[in-house]
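So you can see what is in the structure, the chains are spelled out below.
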Amino acid sequence: MSVSAVHGGLQEPVNRIVPTLDDGASELATKIAVLDVDRTTMYRIADGTLSPLTGPMNKDVYDLVLSGKHIVVGDRKFAWTIPIVLPVTASEAASLAVGSKAALLSEQGVVFGTLDVGSVFDWDKASFIQAVYGTSREDHPGALLWLGDER
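Residues numbered from 1 in each chain as written. Predicted model: local features only at pLDDT ≥ 70, side-chain atom pairs only at ≥ 80, totals over all residues. Heavy atoms only, no water.

### Some words on the pattern of salt bridges
Right, on to step 1. Tallied over the full model, the rule gives six salt bridges.
Right, on to step 2. With a closest N to O distance of 3.4 Å, Lys 101 and Asp 116 form a salt bridge. One end of the pair, Lys 101, is in strand β4 (residues 101-105); the other, Asp 116, is in strand β5 (residues 111-116), with 15 residues separating them in the sequence.
Right, on to step 3. Using a relative accessible area of 49% as the deciding quantity, one classes Asp 116 as partly exposed.
Right, on to step 4. Across the salt bridge formed by Arg 137 and Asp 139, the nearest N and O atoms sit 2.4 Å from each other. (Salt bridge = Lys/Arg side-chain N within 4 Å of Asp/Glu carboxyl O. Helix = DSSP H or I, 4+ residues; strand = E, 2+ residues; numbered from the N terminus. Buried < 20%, exposed > 50% of the residue type's maximum accessible area, 1.4 Å probe, protein only.)

What follows is the structure in structure tokens.
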């Protein structure tokens, strides 16, 4: 039986699962409340399903995916058509600093991980929807998903 190659040219999938969180994770001053839909994405990054990603995309990669429909690993391009992001509220964004670490809280208020902040940026939902779904229609199911989220 053959196994498909890992996307992004990696030898093996990314594995960011840790058996236990660092005791200091819940003590981090900066916390991000993560909706269940986004928590699933964070788990998919951690378990390697979204390899070669090791976290949400920074602004440069986000823009590249929207404009070029790919990511770059080393000097090679790999198809990628929907940016992987972690939406936050305006107050959460104001508390985040590039290079800092934030605790990720489930909807129940339990710390389930940490995030090394690589980028904080505003996003234009209309441009995102046009680039990802090829339409400006706000009744598109994908558009409804994003437009229904206040973050």
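### Here's the deal with the pairing of strand β3 (residues 76-79)
Right, on to step 1. Here four bridges tie strand β2 (residues 70-73) to β3, and the two strands are oriented antiparallel to one another. Bridged to Ile 71 within β3 is Phe 78.
Right, on to step 2. Counted along the chain from β2 to the antiparallel partner β3, the turn is two residues long, and its residue Gly 74 has a positive phi close to 65°. (Pairing = 2+ DSSP bridges.)

That is the geometry; function is a separate question.
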